[in-house]
Amino acid sequence: MALVKAGVLVLDCAEPEKLAAFYKELLEGEESDATANRVEIKSADGFRIALRRDVNATPPSWPRPENSLQAHLEFVVDDLDAVERRVIGLGGRPLEAKEPSGPLEERGYADPAGHSFTLRRTVPTAPKQG
């Protein structure tokens, strides 16, 4: 029997209810648990994220070094443009980042509370001809 039943990524923020609304819509998930200081969202594929109230929370300033990247989320998507429109429509914002090299296409964003995350799409490679 496994000792750990499930993992939950927890982000600290000043207003968990507002941030939970962002992730609930982005992940097309549902609120699975809520208290006065914590809201948990579960996506259809079982991914779990919780937003915990910390009135002194300060967002990371990535990519600036003074309050650098602490952690970030990465979401695999099929259509970067469509998901980008959804992120911005929900109050997220794009972050400046270098162009990635290699087979991955990705874009960086911040949620409404400033936590960074990446949307990533694996670019299919054509088989060699001849």
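This text follows the structure it describes.
This structure is a prediction, so every number in the text was calculated from the model and none was measured. (Residues numbered from 1 in each chain as written. Predicted model: local features only at pLDDT ≥ 70, side-chain atom pairs only at ≥ 80, totals over all residues. Heavy atoms only, no water.)

(A) Here's a closer look at the overall build of the chain. For the chain, the helix and strand inventory stands at 2 helices and 8 strands. Written out in order from the N terminus, the α and β elements of the chain read β-α-β-β-β-β-α-β-β-β. Each of the 130 residues in the chain was classed as buried or not, and the buried ones make up 29%. Across the chain, the fraction of contacts at a sequence separation of at least 24, relative to all contacts at a separation of at least 6, is 53%. If you sum the accessible surface of the chain, you get close to 8,700 Å²; carbon and sulfur atoms cover 51% of it. (Helix = DSSP H or I, 4+ residues; strand = E, 2+ residues; numbered from the N terminus. Buried < 20%, exposed > 50% of the residue type's maximum accessible area, 1.4 Å probe, protein only. Contact = heavy atoms within 4.5 Å. Areas by Shrake-Rupley, 256 points an atom, 1.4 Å probe, with all protein chains shown as cover.)

(B) Molecular detail of the pattern of salt bridges. Here the structure, examined in full by the defined rule, presents 13 salt bridges. Here Arg121 makes a salt bridge to Glu105, at a shortest N to O gap of 2.3 Å. Here Glu105 lies in strand S7 (residues 104–110) and Arg121 lies in strand S8 (residues 116–122), a separation of 16 residues in the sequence. In this structure Glu105 comes out as partly exposed when scored by relative accessible area, which is 27%. In the salt-bridge network here, residues are joined through shared partners; they are Asp81, Glu84, Glu105, Arg107 and Arg121. (Salt bridge = Lys/Arg side-chain N within 4 Å of Asp/Glu carboxyl O.)

(C) Spatial organisation of the pairing of strand S2 (residues 30–34). Note: S2 against strand S3 (residues 38–42), 4 bridges, orientation antiparallel. Among the inter-strand pairings, Glu30 is bridged to a residue of S3, identified as Lys42. Taken together, S2 and the strand that follows it, S3, pair antiparallel across an intervening segment of 3 residues. (Pairing = 2+ DSSP bridges.)

(D) Broad picture of the sheet that holds strand S4 (residues 48–53). The sheet built from 4 strands is open, its strands ordered S1-S4-S3-S2 with mixed pairing. A strand with exactly one partner marks an edge of an open sheet, and here the two such strands are strand S1 (9–13) and S2. If you compare each strand with its neighbour and ignore which way they point, the axes differ by 25° on average. Helix-sheet contacts for helix H1 (residues 16–26) involve S1, S2, S3 and S4, and the interaxial angle to S4 is about 160°. (Axes fitted to C-alpha atoms, helices over the stretch in contact; angles between N-to-C directions.)

(E) The packing of aromatic side chains, seen in detail. This structure, assessed with the given rule, holds 6 aromatic pairs. Between Phe75 and Phe117, the ring centres sit 5.8 Å apart and the planes meet at 70°, which makes this aromatic pair edge-to-face. Residue Phe75 is found in strand S5 (residues 73–76), and its partner Phe117 is found in strand S8; the two are separated by 42 residues along the sequence. In this structure, Phe75 and Phe117 share a single accessibility class: buried. Counting every residue linked through ring pairs, the aromatic cluster contains Phe22, Tyr23, Phe47, Phe75, Tyr109 and Phe117. (Phe/Tyr/Trp six-rings, centres within 6.5 Å; stacked < 30°, edge-to-face > 60°.)

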